[in-house]
Amino acid sequence: MKTLIKNLSNCRKFGIFFLLPFLFIALMSSKTNDPTFDEPLSALEKESLVYTIEEARLTQDINAFLFEKWDMPVFSYVLTQEANHIYKLKRFIKEQGGYNPLKHSIKGKFNMPAMQADYNKYVNVGKNTATSALYVSMTIEEHNYINMQKRIAESENVALLKLYNNRLINIGDHIRVLYKRLRKMDVQYEAQVINQNEFEGILNPDILLEDVSM
């Protein structure tokens, strides 16, 4: 298991340094004149939105692979939730005057080299055992949680913040469901990315989901 954890950690060392120019251009081509909208998104907010939608797609595609491999409902739950977030993110981009940056996307293929490396690494680890697959899905969610916290702190657009906060709450749901499944398998999971005390706070037993199908 230590080797598994090390492999999952190493796959994140490929920092996301590359964004294809067309992704930035496609994200926001113009700003609507509707007075109900906030001020135009900043360059940092536009960049974070590209990362967020690509991370949601990465999470969806990996969990789709894991579900096909292991036929565990928890993976279906996560990928369905991510598909819903992708829809909301694309709708937000459209409302802001941009067009769908995932229009030509292909399952398991990513324009960002670091995300492609993550996808390849995670599916290679997740195909080994059901436990490995759950560790993969959980590790991704921990990274997503940290990333969303950072983006919320860096954002000011009210509509974007609402979208991000909803996603953060949903990621917490994913973590609880995955943890519950690991617990049923007698696996003692410890946080790989999130501070352990904060992780335990996310696992508040008062809100731990009890759907037996998970």
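Not measured: the values here are computed from a predicted model.

**Student:** Could you give an account of the overall build of the protein chain, naming the residues involved and the relevant values?
**Tutor:** Across its full length, the protein chain carries 8 helices and 0 strands. In the protein chain, the succession of helices and strands from N to C terminus is α-α-α-α-α-α-α-α. Taking all 214 residues of the protein chain together, the buried fraction comes to 49%. Long-range contacts, defined as pairs at least 24 residues apart, comprise 78% of the intrachain contacts of the protein chain with a sequence gap of at least 6. Accessible area of the protein chain: about 10800 Å², with a carbon and sulfur share of 53%.

**Student:** Summarise the packing of aromatic side chains; cite the residues concerned and give the values.
**Tutor:** This model, assessed by the stated rule, comprises 4 aromatic pairs. These aromatic residues form a ring-pair network of at least three members: Y135, Y179, Y189 and F199. Across the ring face of W70, the terminal group of K69 is positioned such that the distance to the ring centre comes to 5.6 Å.

**Student:** Residues and numbers for the nonpolar core, please.
**Tutor:** Counting residues in each nonpolar core, the largest one holds 53 residues, and the members touching the most others are L49, I62, F75, M138, I175 and F199. Sorting the residues of this core by element identifies helix 3 (43–70), helix 4 (73–95), helix 5 (113–126), helix 6 (130–154), helix 7 (158–184) and helix 8 (196–202) as the ones contributing at least two each. No other element matches helix 7, which puts 11 residues into this core.

**Student:** Go over unusual backbone geometry, please, and point to the residues and values.
**Tutor:** Peptide bonds are trans in most cases, and residues, glycine excluded, mostly fall at negative phi. Positive phi, normally seen in glycine, also occurs at D71, with a value near 50°. Here D71 lies in the loop between helix 3 and helix 4. With a phi close to 60°, D186 is a non-glycine residue in the positive phi region. Within the secondary structure, D186 sits in the loop between helix 7 and helix 8.

**Student:** Let's hear about the packing of helix 3 against helix 4: which residues, and what values?
**Tutor:** Viewed as axis vectors pointing N to C, helix 3 and helix 4 meet at an angle of 155°, and their least axial separation amounts to 8 Å. As far as their axial angle goes, helix 4 and helix 3 are roughly antiparallel. Helix 3 and helix 4 meet at a crossing whose hand is left-handed. Note on element contacts: helix 4 touches helix 3 through P73, F75, S76, V78, L79, E82, A83, I86, L89, K90, F92 and I93, opposite L49, T52, I53, A56, R57, T59, Q60, N63, A64, L66, F67 and W70.

**Student:** Give me the packing of helix 5 against helix 6: which residues, what numbers.
**Tutor:** Helix packing for two helices is described by the angle between their axes and how far apart those axes are. The contact between helix 5 and helix 6 brings their axes to 7 Å, and the two run at 150°. Contact with helix 5, carried on its side by Y122, V125 and G126, involves S132, A133, V136, T139, I140 and H143 of helix 6 and no other residues of that element. Looking at side-chain class alone, the contact of helix 5 with helix 6 contains 5 nonpolar, 4 polar and no charged residues.

**Student:** Please give an account of the confidence of the model for the protein chain that cites residues and values.
**Tutor:** Of the residues in the protein chain, 78% have a pLDDT of 70 or more, and the chain-wide mean is 84. Considering each helix and strand of the protein chain separately, the mean pLDDT is smallest for helix 2 (residues 21–27), with a value of 43, and largest for helix 6, with 97. pLDDT under 50 marks residues 13–37. Its contacts with residues more than four places away, or in other chains, come to 50 contacts.

**Student:** Explain the pattern of salt bridges to me, and be specific about the residues and the numbers.
**Tutor:** All told, the structure shown has 7 salt bridges when counted by the stated rule. Note that E82 is salt-bridged to R167, the shortest N-O span being 2.8 Å. Placement of E82 in helix 4 and of R167 in helix 7 is noted, with a sequence separation of 85 residues between them. For the residue pair E82 and R167, the accessibility class agrees, reading buried in each case. Of the charged contacts in the structure, one is a salt bridge between E154 and K150, with a shortest N-O distance of 2.7 Å. Remark: K150 and E154 occur in helix 6; sequence separation between them is 4 residues, near one turn of the helix. Bridged by salt links that share partners, the residues E54, R57 and D61 form one connected network.

Here is what the cut-offs are and how they apply
Residues numbered from 1 in each chain as written. Predicted model: local features only at pLDDT ≥ 70, side-chain atom pairs only at ≥ 80, totals over all residues. Heavy atoms only, no water. Helix = DSSP H or I, 4+ residues; strand = E, 2+ residues; numbered from the N terminus. Buried < 20%, exposed > 50% of the residue type's maximum accessible area, 1.4 Å probe, protein only. Contact = heavy atoms within 4.5 Å. Areas by Shrake-Rupley, 256 points an atom, 1.4 Å probe, with all protein chains shown as cover. Phe/Tyr/Trp six-rings, centres within 6.5 Å; stacked < 30°, edge-to-face > 60°. Lys NZ or Arg CZ within 6 Å of the ring centre and 35° of its normal. Core = buried A, V, L, I, M, F, W, Y, C linked by side-chain atoms within 4.5 Å. Axes fitted to C-alpha atoms, helices over the stretch in contact; angles between N-to-C directions. Parallel < 35°, antiparallel > 145°, perpendicular 65-115°, else oblique. Left-handed = near helix turned anticlockwise from the far one by under 90°. Nonpolar A, V, L, I, M, F, W, Y, C, P; charged D, E, K, R; others polar. pLDDT = per-residue confidence, 0-100. Salt bridge = Lys/Arg side-chain N within 4 Å of Asp/Glu carboxyl O.

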